[in-house]
Each structure stands twice: as structure tokens, then as C-alpha cells.
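# What the coordinates show
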Amino acid sequence: MDNDSVLNDDSGSLEHQACYIYTPTSEASSLAIPKKRRAAPSPSSSKAKRGKIDPKNCEARGGGGHGFPTLLRDLEDESAVNARYEAFQRLWRDVERRTDDVLAQVNDETLESVSTFVSKAGQDIYGEKLPTGLILTGPNIASHGVLFQQIESRIQSVDKLGRVAILTSKDSSNLKNVLKKIIRCVTEIHDGFDDEDEVVVDVKAGRNPSRYNYDPEIIHDWCSAHPDAKVVVAVQDTEAFDPAVLVELISILHQYLPKIPFILLLGIATSEDIFYEKLPHSTIRLLRGSRFDIQRFEESMEQLFEEAVLSPRSILKLGPRVADIVFERQKDHTRSVTGFVMALKYAYMSHFYANALSVVLGAVGSEEEMNTILSDAHCDAIRNLPSFKPFIEAKIPSFPWRARDLLTSNKALKSAVFTATKECQRYTTNLAEAITLFRKLQRIVSPQQAGEIPTYELYSRILWGEFTTRPAFRDAMLTTKKINAEKFHTLLTAISTLPSELSSTLLESASKLQELQSQKAAKGSTLVSEFALPDSHRTTVKSGRVRLDELKSGMTSQDTEYHKLVASTVQSLETYFKERFKPYTNLFLHEIFFYDLKSPHSQVFGAKPRPSVERALSRPGDYLGCECCGGGVDGEEGGIGGSQPYTAILYQLYLESPALIGIYDLWTAFRMVCMGDRGGDQDEDGNADDDEDEEEKELQAQFYRALAELRFLGFVKYSKKKTDHLVKLAWKGL
Amino acid sequence: MKRKREDIPPPPPPDATPSRRSRVKDVTAGPNTPSKANGTPRKAVSFLNEPSESEIGRSPRTPRQKQIDVNDDNSGADPPIVRNANRSARRKSVRNMIQRSIREDLMDEEDGFDEEDNLAQRIFDDEDAGSSESESDDERDKNTAGTSTPAKKPRGRQRKKKEKTPPPVVAIEGPTAYFEQNRGRARPSSTTTVLPPLSPKTYFRLLGQHEDKHAADVEHLSSLHKANFDQWVFELSQGFNVLLYGYGSKRKLLMEFIKEEAALGNHVVVVNGYVGGLTIRDIVNMVVNAVLGMNHGVKFGVNVNEMMESVLQILDEHRERDEDKSVTLLIHSIDAAALRTPQTQALLAQLSSHPTIRLIASSDNILSSLLWDSSTLTLFNFIFHDATTFVTYDLEISAADESEGIVDVITGGTAGRSGRSGAKGVKYVLASLTGNAKNLYRILIATQLASMEDDGAGKDKMGTEAYGIAYRTLYQKGLEEFVCSSDLVFKTLLKEFYDHQMVTSRKDLQGSEVLWAPFRKEELESILEDIMLG
């Protein structure tokens with residue numbers, strides 16, 4: 001508490017100041033170095049030495065360091081802590097680089113076409129109409145800013161087609177501001193365009209001192225200095241832009257069109273129809289141009305997922321639980337690609353921050369490094385992993401001596417760890433391979449289904465190992481059997497190009513199929529397998545059978561051959577998938593290679609401020625952990641305990657009250673809860689009036705404060721209907 | 001409740017009947033005894049009162065009997081009869097319900113109970129039903145009921161009442177409670193009784209005296225949060241911003257945390273969001289100050305958006321110069337009233353998304369998440385942490401300009417609205433204002449008092465337009481006394497007064513604005529005294 005008083009003193013005058021620069025007093029800064037959980041060196045014999053070294057090292061890095069805590073009950077080596085941090089930095093940077101590349105490519109197509117549109121737009125094509133590009137940006141407004149900046153840099157710096165002025169709805173307060181902004185964007189120097197600009201602008205400015213700064217003639221002057229440059233006006237959020245200003249802006253741009261090569265780009269988040277409804281026909285008639293769709297969120301998300309999670313280069317994988325949380329949030333709430341990257345980053349962060357064994361990931365490539373970095377404490381921790389037990393139990397029947405070795409010798413364990421890391425990596429590589437193969441198959445066989453369910457939604461099912469029992473999987477396999485020979489051939493050639501152990505067999509089947517097909521084609525018909533026989537239209541079983549028999553008898557030897565081929569291919573594919581889609585939990589050390597902790601993610605990204613406040617106030621014991629207000633189980637029935645914090649009492653009274661609350665009523669109830677029994681005692685004494693008065697006054701002060709707090713939290717406000725009444729604003733659990 | 005009661009008993013003349021009574025008359029007396037329709041309310045009441053006991057006993061059965069009759073006899077018979085029967089059954093049951101409720105009120109009246117607080121009653125009902133402990137309390141209370149302390153009175157009464165009618169509603173929680181409580185019905189609370197006001201001095205003295213029995217637990221809770229400081233630093237360093245939520249003031253915790261940030265060599269800017277009158281400009285300016293030093297001499301445009309652009313440029317340059325030094329922006333109560341506009345939040349988001357800025361903020365309002373749309377949220381890139389501290393919000397609620405402050409609560413939310421207790425609120429507000437604001441207010445009320453004096457007004461005379469001072473005159477006086485230097489400053493000061501209803505204004509016939517303080521002469525005098533002494 002000493003700290004606090006110091007703090008209060010030096011900020012006493014500042015706490016009512018709106019904002020200020022914090023300057024720590026010398027005392028404060030010396031206290032500031034955290035004295036965290038590195039308490040006393042552990043007394044347990046041999047590790048005492050390390051314990052002593054530890055704090056010093058921590059101190060040293062405390063200054064500019066990464067702040068990673070020492071784990072394993074302070075037994076972790078300082079070098080291991082640093083290694084963990086470095087591994088995090090290295091692995092995440094790698095992922096970040098790759099995701100950045102993907103993100104940069106995401107809009108590439110759109111940018112390309114917009115750029116072409118801008119370069120082509122001119123009077124020869126569009127005549128007197130204003131060339132307009134409608135960019136359908138999709139509902140994720142968070143990404144629009146990025147997109148328009150990409151457009152700007154593409155047109156302005158990369159393709160050097162002219163100048164871009166990006167307008168947002170914030171600028172749309174009036175036409176003057178809009179024009180000012182356009183002029184500023186066009187004439188002021190941005191890096192990346194011709195160097196001579198500066199001179200030109202200066203000259204212009206000197207020549208026309210009398211012009212207003214919102215006169216489009218300024219742009220005209222600029223244009224005469226840059227004969228080839230175009231002026232692109234891009235409205236980022238057309239829906240929010242003031243329509244009246246937009247109409248005026250369009251008419252002005254149109255009027256200046258003969259003088260200045262204006263091009264208008266409009267970002268539309270909803271749909272064209274809504275945009276058309278917003279503007280008068282006379283304005284729309286001034287426009288002509290084309291429409292650009294940006295890549296769908298699902299597609300870019302899928303690309304990103306494949307690069308950041310599936311790729312064998314990403315060593316740390318998301319576990320199924322975390323993946324579910326992350327993707328559900330994406331699907332239902334954010335729908336933003338950057339949001340996913342951030343969630344992934346947080347997974348990396350928490351894995352390396354809190355899991356001491358994550359250090360293994362940094363040393364995946366070399367056995368030597370792994371041996372040096374793994375300390376005794378690490379080995380003990382590995383033996384405590386849940387996946388160690390099944391691993392050792394599997395060893396016992398066949399190699400009992402090996403199992404004993406693993407339990408007793410750290411050296412044996414370390415080499416086992418190294419093999420396990422290889423195993424884990426093999427598993428993930430195989431997994432990625434199989435998933436890609438399956439997706440390709442699905443896209444050919446049933447494109448519709450493939451479009452509906454993106455890869456990342458299959459991912460967690462696959463990791464649980466239950467995917468092969470899912471309808472999506474069985475459907476895909478069944479349809480594979482039923483497709484016609486031609487499609488089957490494309491399928492075989494397509495999936496045989498992917499790297500997998502099946503590719504050679506698939507290639508063989510493909511050539512065989514080709515052969516059969518050509519034989520059959522010589523006879524003038526196509527290959528039919530038994531699977532592909534049409535369903536009978538007859539109603540009785542018998543007649544159905546008859547019809548089938550007829551069809552069967554019509555089949556040639558090539559058909560039978562083909563049938564066998566299909567059956568064997570599908571069979572081998574199925575075994576392949578079943579083999580690859582095994583649950584990841586079977587792996588030894590899967591705890592290290594798969595990050596699968598639900599708790600920080602769900603809380604850190606999906607905050608629930610209101611339930612948390614409500615819980616704190618209705619069951620303060622949950623947070624305070626005190627005995628007096630615990631009452632957890634029977635708390636529901638047992639009225640309101642007077643021992644709770646005052647605000648909590650008031651809140652619980654508030655919960656029971658109607659929508660309009662009289663302050664006096666609330667006060668009476670409050671007093672009764674807090675003083676109920678005590679009041680009774682004193683009353684019998686008879687002459688404790690003064691005391692009680694004082695006590696009541698104090699309680700009243702508490703009541704006021706609690707009430708003000710409830711107001712501050714947003715639970716109540718004053719009623720305008722009645723004096724001294726409160727309006728209830730929040731119902732619990734709503 | 002009160003109103004209802006006033007309606008039923010004898011005195012009120014028939015023409016003064018509010019809607020409720022007329023409804024009662026129609027439904028109860030109407031169909032049953034047409035002759036009573038024109039009778040006085042009193043008669044209606046006495047009629048209802050006597051037979052009610054038996055009628056209530058019978059009431060639930062009557063409609064059902066009718067129903068059965070319908071089923072037995074008229075199955076397939078002519079529908080009008082069925083409809084009539086149903087209708088009359090329904091009418092009767094409605095009538096019975098109303099009668100019963102009237103009877104209840106009457107019983108209260110007859111027993112001489114001044115029923116005030118239905119709320120308290122319901123709470124006690126619940127308590128009684130629940131714990132045996134409070135049961136014994138009640139027992140004790142019953143013994144002492146009706147004696148000395150007013151506190152006891154309601155309880156004793158409660159008890160008796162409870163014996164007659166079972167508690168109507170058990171506390172309902174969750175969504176159903178919303179509908180239950182928003183249902184139209186008589187407002188169950190008093191309009192007359194008001195809490196005795198508490199002077200600010202006593203208020204703070206008493207709170208200061210008080211010892212929190214949970215101090216140790218609260219301390220423990222915050223120590224748990226402090227253990228996470230390293231994690232927060234790490235999260236901030238990785239480009240995330242941190243937002244703390246949960247009940248309890250997080251001020252102290254964050255100030256502790258900021259020490260650590262400052263120790264890393266970062267510039268730290270602290271923003272007290274709860275202080276009124278805070279603007280985004282102030283924050284941005286302070287950030288620039290932190291980066292460039294106090295006298296940087298950089299001028300910004302009028303438009304805040306433009307300003308933000310140039311600030312981001314400055315930050316970019318700063319980043320190039322020394323990369324690892326960042327600016328930590330600490331915002332207490334990012335959801336406070338002063339920062340609540342969407343534009344401010346959008347700008348803050350823009351600022352916080354800059355790699356040099358690390359934002360750590362606290363939010364308190366339960367609806368704070370509604371402040372941000374998806375684009376601001378993406379920019380903010382928040383990591384949320386539950387930091388429930390259970391520390392009381394002393395500073396936050398006492399910040400005078402906050403419309404949700406303690407001032408209004410202490411004065412019962414009537415500051416300035418009724419002359420009665422408004423003056424006290426004014427003292428609170430003034431206590432937290434700058435010297436210039438105080439002086440300006442002094443000028444205002446001094447002038448007003450002078451003109452009231454000239455008029456020979458009594459000490460209970462309210463300040464009105466007649467005693468007001470013209471806007472220009474006040475401004476001139478302000479200039480003379482160096483209270484304000486420009487019209488803008490003057491307006492800012494006045495706005496403060498307007499916000500707390502310390503000043504009222506009206507355009508007079510010539511179109512010039514007249515200002516006055518809407519308080520009684522006596523109060524004005526005491527305020528003036530306060531200002532002069534303080």
C-alpha cells in the first residue's frame with residue numbers, strides 16, 4: 001500500500017486534469033520494476049543454484065526486454081526463456097511475412113482491372129459522360145480503407161496514371177470541404193510521383209494568388225502541367241456520403257470534364273440498386289462506366305488459412321477448439337481477414353508466453369540444439385504431458401526396457417522428443433496434403449458443396465478425427481463413384497498432379513482409364529460403371545432388379561474393367577483419407593505442436609463487459625472470494641446479505657425493483673438490508689439515538705455513492721416523469 | 001398507489017375523477033347495479049366492500065361454471081348464446097379482479113396504514129420467503145413495530161399486510177423480468193417522501209471514516225491483476241491495444257501499470273476520460289507534446305480530421321527517428337461522456353492503430369461495446385481483459401462535469417431543476433471549476449442580487465428574467481475583470497453553467513439574450529458567500 005500512497009500524492013492534483021504527460025518520480029520508477037513470481041529460490045536442493053542466478057538475469061532483461069515470465073515454477077533457464085522469445089519472434093515473423101504476401105495479393109485482380117479502367121478512360125470511350133467505376137466492396141467496412149489505399153498507391157505510384165483523391169463520408173459535410181480536399185490531394189506532393197511537381201505547383205500558386213482554395217481551376221492548372229495525368233476521385237463509403245453533396249460533386253466533376261480528365265470511383269458496400277435509388281436520374285445519366293467486384297471474403301480467408309495454418313512451414317498449428325472459436329467469430333462477427341491474422345498472432349503469443357515446452361518448436365530442425373536447450377525441468381514437464389502416458393503405455397508391451405529408459409534417462413527422452421517432433425511434422429504435412437487433395441476432389445465432384453463449406457470449417461472436424469464419418473465426406477466419396485467416365489478422368493489427372501503417395505497409382509489408373517475409354521470409343525459408346533447405373537423408375541423390387549440385370553448384361557468387358565478401376569480408386573482414396581485424418585491427439589507431444597487452449601481466446605476477443613459487471617454485483621463473492629458474501633449456492637433463495645459491498649446490495653435491490661424506482665423506496669430497502677438487525681438491537685437499548693443517527697448518515701453517504709456508481713455504470717438514469725425517481729435501464733441476463 | 005387511494009375514499013367530487021376511477025365505476029358498478037352508476041364513489045366503495053368477501057370466494061368458479069354449461073348444452077347450438085355467456089363470464093371475472101384490488105387498497109386505508117413503498121414490501125416478502133435469518137429479524141421487528149424509529153414502521157406493517165395477502169410476485173430474473181416490470185400498472189412508489197439531503201462536507205467526511213470490511217479481499221483481487229502486468233506489456237508490445245472492463249475503478253491499477261511502461265522508457269500520456277470538457281484535440285495535442293516536447297510550435301488546422309493526418313505524419317517521423325520508443329496512451333474510462341461521440345472514437349481508433357501508439361484503456365459502462373462499429377474495432381485491435389477490482393469509483397463519479405456524477409445524486413437529481421435543493425449542487429459544481437468560471441458566476445449572481453435588492457425582493461423570491469443580465473453586459477464585465485479573453489472562452493464558461501442548469505437564458509423582446517440564475521435570493525446569497533470565501 002506504500003506504493004499507492006506515493007502514487008496518490010504525486011497525481012493528486014492531476015487526477016482532475018483532463019490529460020497530461022506522466023512523469024514518474026525517481027522513487028516510482030525504482031519501484032516499478034516488477035517483483036514478480038520469482039520469489040525465493042526453491043529450496044529443493046540441486047536447483048538452488050539456478051534459482052539464485054535467475055532473479056539477476058530477470059532484472060537485466062527487465063529493462064528493455066520481452067517480459068516473458070520464467071515458467072516451470074521458476075526452474076526454467078534464462079536461456080530457455082530467451083529461446084522461447086526468439087522462437088516466437090522467428091516463427092511469427094515467418095507467418096506474418098507469408099500472410100502479408102497473401103493479403104497483398106487478395107485484391108490484386110480488382111486493382112488490376114481498376115487500373116486498366118482508369119488508364120483507358122477517356123473522352124473517346126465515354127464521350128461526355130463521367131467515367132465511373134463502381135467498386136462493390138462488400139459489407140466488411142473495416143477492409144474498405146485498406147482497399148482504397150491500395151487503389152491509391154496502385155494508380156498513383158505503381159502505374160503512375162495520375163492523382164487519386166480519396167473521400168470518406170467524414171469529408172462530406174459540405175461541397176466546399178470536399179473540393180478543398182480533392183484539390184489538396186491532387187496538388188500537394190505525395191512521394192512517388194514526378195519530382196518536378198514541386199516546382200510546378202509553386203509556379204501555379206504564384207501565378208494565381210487570387211483563387212479560392214476550393215476552385216477546381218487549380219486542378220486544371222495542375223493538369224495542364226501534367227498532360228497525361230488523370231484525376232481520380234474515389235468515394236470510399238458512398239452509402240454514408242451525404243447524397244446532396246454527392247450530387248453536386250458529380251455535376252461539378254461533369255462540368256469540368258472537358259478541361260480536367262476526371263474519373264470517379266465509388267465504393268459501394270450494399271448493392272448497385274440501392275446506390276441507384278439514392279441519386280436522381282439526372283445525375284445517374286451523367287455517369288457511365290463499369291463495375292468491379294472484389295474477392296469474396298471466404299475466398300481470401302481460405303487462401304490465408306492455407307498459407308498461415310495448413311502450410312508445412314507454419315510449425316505451430318491451431319487446435320480444433322481454438323480454430324472453432326476463431327472461425328466462428330470470423331463467420332458471425334468480424335468477417336475480416338486482418339482479424340483472423342490477429343487471432344492467429346494471439347495464439348502464437350499465448351503459446352510461447354505461457355507454455356515452457358514451446359521452446360521445442362524453436363529447435364525443431366536440429367537435434368543438437370534441442371538437447372542443449374532442454375533442461376531437466378523441461379524433461380520432467382514432458383513426462384507430465386497427457387500425451388506421454390499413452391505413448392509410454394504403447395511402448396511397454398513391445399519394448400519394456402525402452403519405456404524404462406524414457407522414464408529414467410533424460411537422454412533417451414530427448415532423443416524420443418526429437419523423433420516425436422519429426423513425427424508431428426510428418427503428420428501435419430500429410431494432413432495438409434490430404435486436405436488439399438480432398439478439397440480438389442470435392443471441387444471437381446461436387447463444386448457446390450465445396451463452395452458452401454470452406455476448408456477452415458472442415459479443419460477442426462478433421463483434427464478431431466471424426467471427419468471421415470461426416471456426411472460431407474461420405475457424400476464426396478459416393479458422388480466420386482457415380483460421376484461419369486470423362487469427369488472421373490479429369491479428376492484422376494487433377495489429383496494425381498498433387499504431391500502425395502497416391503499420385504503414382506492415380507496416374508496409372510488415369511492412363512488405364514484412357515485406354516479403356518479409347519477402346520470403348522471405338523465401339524461408339526462410353527464407359528459406364530455399375531455405380532453410375534440410373535436408379536430404377538419401377539416401383540417393385542423385382543422389376544427394379546430385372547431392369548438392373550438388363551443394364552448389367554449390356555455392359556462390356558471394358559465397362560467391368562472400368563468399374564473395378566473406379567472401385568479400387570475410391571477404395572484407396574478412402575483408406576488414404578482415413579489414414580491421414582486421424583485425430584491429432586494420438587500424437588506424442590501434440591500439446592506442443594497444436595495450440596488448443598480455449599480460455600484466453602474466447603475471453604480476450606469476445607469480451608463480455610456487461611455479464612461480468614452483473615456477475616460481480618450480483619455475486620460479489622465470486623470475485624472477492626470472501627466468506628461473508630460467498631453464499632453462492634443458496635444465494636438465490638436467501639435474500640440479500642448485508643455484508644456485501646454496498647453497490648452490490650443496491651444492485652440486487654435494483655434488480656427486484658420495477659421499471660420506475662423511487663429513490664426513497666430504494667433507500668428504505670437499502671437501509672433495512674444493511675442495518676436491519678443492528679437497528680433492532682439498538683432500539684431495545686432505547687438511548688442509542690445519536691449513534692444510530694450518525695450511523696444512518698454514514699449509510700446514507702454509502703447509499704449515495706452506490707447509486708452514483710450504478711448511474712456511472714449505466715444501470716439507471718433520472719426519470720423526467722417524476723421527481724426523485726430513477727428509470728431502470730438494464731435487466732439482468734437480457 | 002397514492003393516487004389510486006386518493007380516488008376511492010370519500011371527499012373527491014365526481015368531476016375530479018381521473019381515468020382510473022371512471023374505469024372502476026364502469027366495470028364494477030355498471031353491469032351489476034346500473035343504479036349505482038351515478039352514485040358517489042363512496043357509495044360504490046361501500047357496496048363493494050361488504051359483499052366482496054363472498055364474491056371473491058365465488059368468483060373463480062362462476063366463469064368456469066358458465067364454460068361448462070356451454071360445453072354441455074350448447075355444443076353445436078346457436079353461437080350467440082355461447083358468445084354472450086363467455087362475454088358475461090369474462091366481464092364478471094374482470095370485475096372480481098378489480099374489486100379485489102380495490103378492496104386491498106381499502107383495507108390499507110381502513111387499517112390506517114400509510115402505504116408508501118411497495119418496493120420495500122416486495123423485497124421483504126422475498127426475504128421472508130427466503131432465509132430463516134431474516135425471518136427472525138422480522139419477528140423482532142414485529143415486536144417493536146409501530147414504536148420509536150420510523151425505520152421499523154414499514155416492517156411491522158409489512159408483516160400484517162402479508163398475512164392477509166400472499167406476495168403477488170416472486171422476484172423474476174432475466175428477460176421475463178423486463179416484461180413483468182414494464183407492464184402497465186399503478187406506480188408503486190411514493191411521490192412525497194424525499195431523502196434528507198446530506199451536505200457535501202458530511203458526505204466526504206463519512207465516506208472517509210468508513211472502513212471497508214472487504215479491503216483485504218479487494219487488495220488481493222488487485223494483486224491478481226498486477227500479476228498480469230508483464231503479459232499486458234507483452235501484448236502492447238506486439239501491436240495490440242488493451243482494454244480493461246469489469247466492475248470497480250481501474251484507475252489505481254492502471255496508474256501502477258503505467259509506472260512499468262514509463263520504466264521501459266516510453267512516453268506516457270494519461271487521459272482522464274471522466275473529466276468533463278475533454279476533447280479529442282486535447283488528447284492529440286498532448287500526444288504531440290509527448291513526442292516533440294512542450295514547445296514544438298507546430299500548428300494544426302481547424303479541422304480535426306486534418307489535424308489527425310498531420311499528427312500521424314509526425315508520429316511516422318518520430319518512428320523513423322527512434323524506433324523502439326513508443327508513446328503509451330492511457331485512457332481512464334474511454335467510454336466516458338466526453339469521449340462518447342462516434343467521431344471521437346473513430347479518431348482515437350485511428351490514433352491507436354499507429355504502430356508508435358500503445359493504448360491501454362479502461363471502460364466502465366455496461367453498454368460500452370456499443371461505442372464501436374466493426375471498422376473502429378478493427379483499428380483499435382483490442383485485447384479485452386476482465387479487471388474487476390471492486391474499488392469504488394470515487395474520482396470518476398465526483399468529477400463535477402460528468403452528467404452522471406455524484407452531485408446530482410446527492411441533491412436527488414434535482415440540481416437546478418427545482419430551486420429547493422439546486423443551490424447545493426451549484427456549490428459542488430463550483431468547487432470543481434476553475435477560478436475564472438467561479439468569478440464569472442460571481443459576477444452574474446452579484447449583478448442579479450443587486451437588481452433583486454433594488455426591487456426589494458424578499459429572500460424567498462426566485463430569480464427570474466426580470467433580474468437577469470444581458471449577455472453582452474456580462475461579457476463586458478467578464479472582460480473587465482479578466483475572467484475571459486475572448487467570446488469563445490466566455491461561451492465555454494457559460495456552457496458549463498448551462499449544463500448544470502445553473503443559468504437560464506431567454507431572448508428578450510429586442511432579441512438580445514438575458515441570463516439569470518434560477519435560484520431563490522437566499523440561496524444566491526449563500527452561493528455568493530461561498531464563492532467569496534472559497
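Residues numbered from 1 in each chain as written. Chains lettered and ligands numbered in written order. Predicted model: local features only at pLDDT ≥ 70, side-chain atom pairs only at ≥ 80, totals over all residues.

Cut-off, in case you're wondering: UniProt positions are given in the numbering used here, feature names are shortened, and annotations may be inferred rather than shown by experiment.
Going by the annotation in an unreviewed UniProt entry, the name recorded for chain B is Origin recognition complex subunit 2, with Orbilia blumenaviensis given as the source organism. Heading Subunit (unreviewed entry) of the UniProt record for chain B holds this comment: "Component of the origin recognition complex (ORC)."

By the naming in an unreviewed UniProt entry, chain A goes by Origin recognition complex subunit 3 and is assigned to Orbilia blumenaviensis. According to the UniProt record, the Sequence similarities (unreviewed entry) comment for chain A is "Belongs to the ORC3 family."

## A short note on the overall build of chain A
The condition is simple: Helix and strand assignments come from DSSP, with helices taken as H or I runs of at least 4 residues and strands as E runs of at least 2, each series counted from the N terminus. The exposure label follows from counting other C-beta atoms within 10 Å of a residue's C-beta, where the C-beta atoms are placed from the backbone and the thresholds are 20 or more for buried and 12 or fewer for exposed, leaving partly exposed in between. Contact between residues is assigned whenever the C-beta positions, reconstructed from backbone atoms, fall within 7 Å.
Within chain A, the secondary structure is distributed over 36 helices and 11 strands. Considering chain A as a whole, with its 734 residues, one finds that 40% of them fall into the buried category. The long-range fraction of contacts in chain A, counting pairs at least 24 apart against all pairs at least 6 apart in sequence, stands at 74%.

## Things to note about the overall build of chain B
A count of helical and extended segments in chain B gives 25 helices and 8 strands. Out of the 534 residues belonging to chain B, those deemed buried represent 38%. Contacts in chain B between residues far apart in sequence, at least 24 positions, make up 74% of those at least 6 positions apart.

## Here's the deal with the sheet that holds strand E7 (residues 504-507) of chain B
Residue and element names in this part refer to chain B. Selection rule: At least two DSSP bridges between two strands are required for those strands to pair.
Pairing within the open sheet is antiparallel, and its 3 strands lie in the order E6-E8-E7. Where the open sheet ends on each side, the last strands, each with one partner, are strand E6 (469-470) and E7. As judged from the 2 bridges shared by E6 and strand E8 (residues 513-516), these two strands associate in the antiparallel manner. By the bridge assignment, isoleucine 469 is partnered in E8 with leucine 515.

## Description of the environment of leucine 624 of chain A
All names here are of chain A. By the element assignment, leucine 624 lies in helix H33 (residues 620-624). Its 23 C-beta neighbours within 10 Å are what place leucine 624 among the buried residues. Linking leucine 624 and glutamine 644, residues 20 residues apart in sequence, is a C-alpha distance of 9.8 Å.

## Side note on the packing of helix H25 (residues 471-482) of chain A against helix H29 (residues 557-580) of chain A
All names here are of chain A. Rules: Note on geometry: axes are C-alpha line fits, over the in-contact stretch for helices, and angles between N-to-C directions span 0 to 180 degrees. Should an angle fall under 35 degrees it is called roughly parallel, over 145 degrees roughly antiparallel, and 65 to 115 degrees roughly perpendicular, with every other angle called oblique. Two helices crossing with the near one rotated counterclockwise from the far one by less than a right angle form a left-handed crossing, whereas a clockwise rotation gives a right-handed crossing. Following the grouping adopted for this structure description, the nonpolar residues are Ala, Val, Leu, Ile, Met, Phe, Trp, Tyr, Cys and Pro, the charged ones are Asp, Glu, Lys and Arg, and the polar ones are all others, Gly among them.
H29 packs onto H25 with a crossing angle of 160° between their chain directions and a minimal axis gap of 10 Å. As summarised for this structure, H25 and H29 are arranged roughly antiparallel, according to the angle between their axes. The handedness of the crossing between H25 and H29 is right-handed. On the side of H25, the interface is formed by Met477, Thr480 and Lys481, while H29 contributes Val566, Val570 and Glu574. For the contact of H25 with H29, a count of residues per class yields 3 nonpolar, 1 polar and 2 charged.

## Concerning the sheet that holds strand E1 (residues 19-21) of chain A
Spatial ordering of the open sheet is given by E1(A)-E2(B)-E3(B)-E4(B)-E1(B)-E5(B), a layout of 6 strands whose pairing is mixed. The sheet is open, and its two edges are formed by E1 of chain A together with strand E5 (382-386) of chain B, each paired on a single side. If you compare each strand with its neighbour and ignore which way they point, the axes differ by 15° on average. Helix H15 (residues 280-292) of chain B rests against E1 of chain A together with strand E2 (267-272) and strand E3 (327-332) of chain B of the sheet, and its axis sits at about 5° to E1 of chain A.

## Side note on the confidence of the model for chain A
Residue and element names in this part refer to chain A. Operational definition: One number per residue, pLDDT, summarises how confident the predictor is, and it ranges from 0 to 100.
The pLDDT averaged across chain A works out to 78; a share of 82% of its residues lies at or above 70. Model confidence for chain A, summarised as mean pLDDT per element, is weakest for helix H3 (residues 48-62) at 36 and strongest for strand E8 (residues 594-595) at 91. Confidence drops under pLDDT 50 across residues 679-686; counting only partners more than four residues distant or on other chains, this segment forms 12 contacts.

## Considering the pairing of E5 of chain B
Residues and elements named next belong to chain B. Of all 5 residues in E5, 5 are buried, a share of seventy percent or more. Side chains Phe382, Phe384 and Asp386 project from E5 onto one buried face, and the interleaved Ile383 and His385 project onto a second face that is buried too. The pairing of strand E1 (residues 241-245) with E5 spans 5 bridges and is parallel. By the bridge assignment for E5, valine 242 is matched with isoleucine 383.

## Considerations on the nonpolar core
As a reminder of what qualifies: In this usage, the nonpolar core is the set of buried Ala, Val, Leu, Ile, Met, Phe, Trp, Tyr and Cys residues whose C-beta atoms join them within 7 Å.
In this structure, Val417 of chain A together with Val269, Val271, Val287, Leu329 and Leu330 of chain B are the most contacted members of the largest nonpolar core, which totals 156 residues. The element contributing the most residues to this core is helix H22 (residues 410-445) of chain A, with 13 residues. Excluding anything up to four places from it in sequence, leucine 329 of chain B contacts Val269, Val271, Val287, Ser352, Ile357, Arg358 and Leu359 of chain B.

## So, the packing of H22 of chain A against H25 of chain A
Residues and elements named next belong to chain A. Following both chains from N to C, one finds H22 and H25 inclined at 55°, their axes separated by 10 Å at the closest point. With respect to each other, H22 and H25 are oriented oblique. Every pair of crossing elements has a handedness; the one defined by H22 and H25 is left-handed. Residues Leu441, Gln442 and Val445 of H22 form the contact with H25, whose participating residues are Ala476, Thr479 and Thr480. Along the lines of polarity and charge, the residues of the contact of H22 with H25 split into 3 nonpolar, 3 polar and no charged.

## Considering the confidence of the model for chain B
If pLDDT is low for a region, its predicted coordinates should not be looked at in detail. Residues and elements named next belong to chain B. For chain B, per-residue confidence averages 69 on the pLDDT scale, and residues scoring 70 or more make up 58% of the total. Mean pLDDT across the secondary structure elements of chain B bottoms out at helix H9 (residues 153-164), with 38, and peaks at E1, with 93. Scored below 50 in pLDDT, residues 411-421 makes 36 contacts in the model with residues more than four places away or belonging to other chains. Predicted complex metrics record ipTM = 0.81 and pTM = 0.70.

## Some points on the environment of valine 716 of chain A
Residues and elements named next belong to chain A. For valine 716, the position within the fold is in strand E10 (residues 716-718). Taking the number of C-beta atoms within 10 Å as the measure of exposure, valine 716 has 25 and is therefore buried. Taking the C-alpha atoms as reference, valine 716 lies 9.1 Å from tyrosine 654; in sequence the two are 62 residues apart. If we ignore the near neighbours within four places in the chain, the residues touching valine 716 are Leu710, Arg711, Leu726, Val727, Lys728 and Leu729.

## Comments concerning helix H15 (residues 320-334) of chain A
Put simply, the rule reads: A helix's residues, less one, multiplied by 1.5 Å, set its expected span.
The terminal C-alpha atoms of H15 of chain A lie 20 Å apart, and with 15 residues this matches the ideal 21 Å at 1.5 Å per residue to within 8%. Every buried residue of H15 of chain A is accounted for by Pro320, Val322, Ala323, Asp324, Ile325, Val326, Phe327, Gln330 and Thr334 of chain A.

## Describing unusual backbone geometry
Notably, lysine 160 of chain A is not glycine yet its phi reads approximately 50°, a positive angle. We classify lysine 160 of chain A as partly exposed; it has 14 C-beta atoms within 10 Å.

## What about the environment of phenylalanine 275 of chain A?
All names here are of chain A. Mapped onto the fold, phenylalanine 275 is located in helix H12 (residues 272-278). Spatially, the C-alpha atom of phenylalanine 275 lies 7.9 Å from that of threonine 238, the residues being 37 residues apart in sequence. The contacts of phenylalanine 275, once residues within four sequence positions are left out, are Thr238 and Ile268.

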